[in-house]
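If you want the building blocks of each chain, they are given just below.
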Amino acid sequence: LPLLAVVGSRRPAKSALASIPWIVDAAVSSGWGVLSGGARGIDAEAHHECLRRGGVTAAVLGSGLACLYPPEHADLFRKIVELGGCVLSEYEDDAPPRPWRFPQRNRLISALSNAVMVVQAAEKSGGLITARIAADLHGKTVFAVPGLVGSPEWAGSNRLLRDGALLVAEPEDLLAALSLLQALAE
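If you're wondering where the values come from, they're calculated on a predicted model, not measured in any experiment.

K.L.:
What exactly am I supposed to notice about the packing of helix α2 (residues 42–52) against helix α3 (residues 74–82) here?
P.N.:
Between two packed helices, the angle of one axis relative to the other and the distance separating the axes together describe the packing. It is at 11 Å that the axes of α2 and α3 come closest, and there the two elements cross at 40°. By the angle between their directions, the pair α2 and α3 is classed as oblique. For the crossing formed where α2 meets α3, the hand is left-handed. In this structure, α2 contributes Ala 44, His 47, His 48 and Leu 51 to the contact, and α3 contributes Leu 76, Lys 79 and Ile 80. Residues belonging to the contact of α2 with α3 are distributed by class as follows: four nonpolar, two polar and one charged.

K.L.:
So what exactly am I meant to see when it comes to the packing of aromatic side chains here?
P.N.:
Geometry of an aromatic ring pair is reported as the spacing of the ring centres plus the angle between the planes. One pass over the structure, following the stated rule, counts one aromatic pair. The ring of Phe 102 is capped by Arg 10, whose NZ or CZ atom sits 5.5 Å from the centre of that ring. A cation over an aromatic ring shows up here: Arg 101 above the ring of Tyr 91, its NZ or CZ 4.9 Å from the ring centre.

K.L.:
Sorry, what's going on with the environment of Leu 180 here?
P.N.:
Tracing the chain through its elements places Leu 180 in helix α7 (residues 171–185). Between the C-alpha atom of Leu 180 and that of Pro 103, which follows or precedes it by 77 residues, the distance is 29 Å.

Quick notes on the rules
Residues numbered from 1 in each chain as written. Predicted model: local features only at pLDDT ≥ 70, side-chain atom pairs only at ≥ 80, totals over all residues. Heavy atoms only, no water. Axes fitted to C-alpha atoms, helices over the stretch in contact; angles between N-to-C directions. Helix = DSSP H or I, 4+ residues; strand = E, 2+ residues; numbered from the N terminus. Parallel < 35°, antiparallel > 145°, perpendicular 65-115°, else oblique. Left-handed = near helix turned anticlockwise from the far one by under 90°. Contact = heavy atoms within 4.5 Å. Nonpolar A, V, L, I, M, F, W, Y, C, P; charged D, E, K, R; others polar. Phe/Tyr/Trp six-rings, centres within 6.5 Å; stacked < 30°, edge-to-face > 60°. Lys NZ or Arg CZ within 6 Å of the ring centre and 35° of its normal.

Put into structure tokens, the structure is as follows:
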């Protein structure tokens with residue numbers, strides 16, 4: 001099962017949240033699973049939307065499995081596993097969340113995915129870290145949803161587009177790209 005990593009802001013704009021249903025629908029209807037970090041905001045919405053659509057989703061945590069973070073997503077993580085997905089961590093079960101663990105977690109999101117979709121990212125953000133690792137270290141395709149020009153909350157996403165990420169502004173963009181990536185992999 002190919003996996004589309006969907007990453008972005010923990011405090012997304014309404015327009016970013018509005019893109020999650022069609023992004024996840026394009027992935028699931030193309031036979032792709034959704035991978036993310038289980039964080040607040042875009043990550044959680046991508047996981048929830050995938051489950052609503054009967055897709056397979058996986059969450060890579062920045063803490064141990066006995067120290068779920070964020071704690072309010074414990075039910076989400078449980079549901080992911082119950083519905084055939086997985087929640088994984090490279091850390092010992094009792095490892096608490098630490099700021100430096102999240103960029104490390106992002107490299108696993110990149111490594112395990114077949115492509116990375118950045119929905120909304122500021123200049124200094126985990127989504128941007130994941131995208132850079134995906135493109136520079138893992139040779140993965142990076143997609144980005146364009147955002148408001150001049151907005152700090154979208155500066156990282158717009159920079160990715162300037163630097164060569166594939167623009168995804170509507171479902172057809174993503175459907176065509178996922179189909180092509182799937183064909184190239186076969």
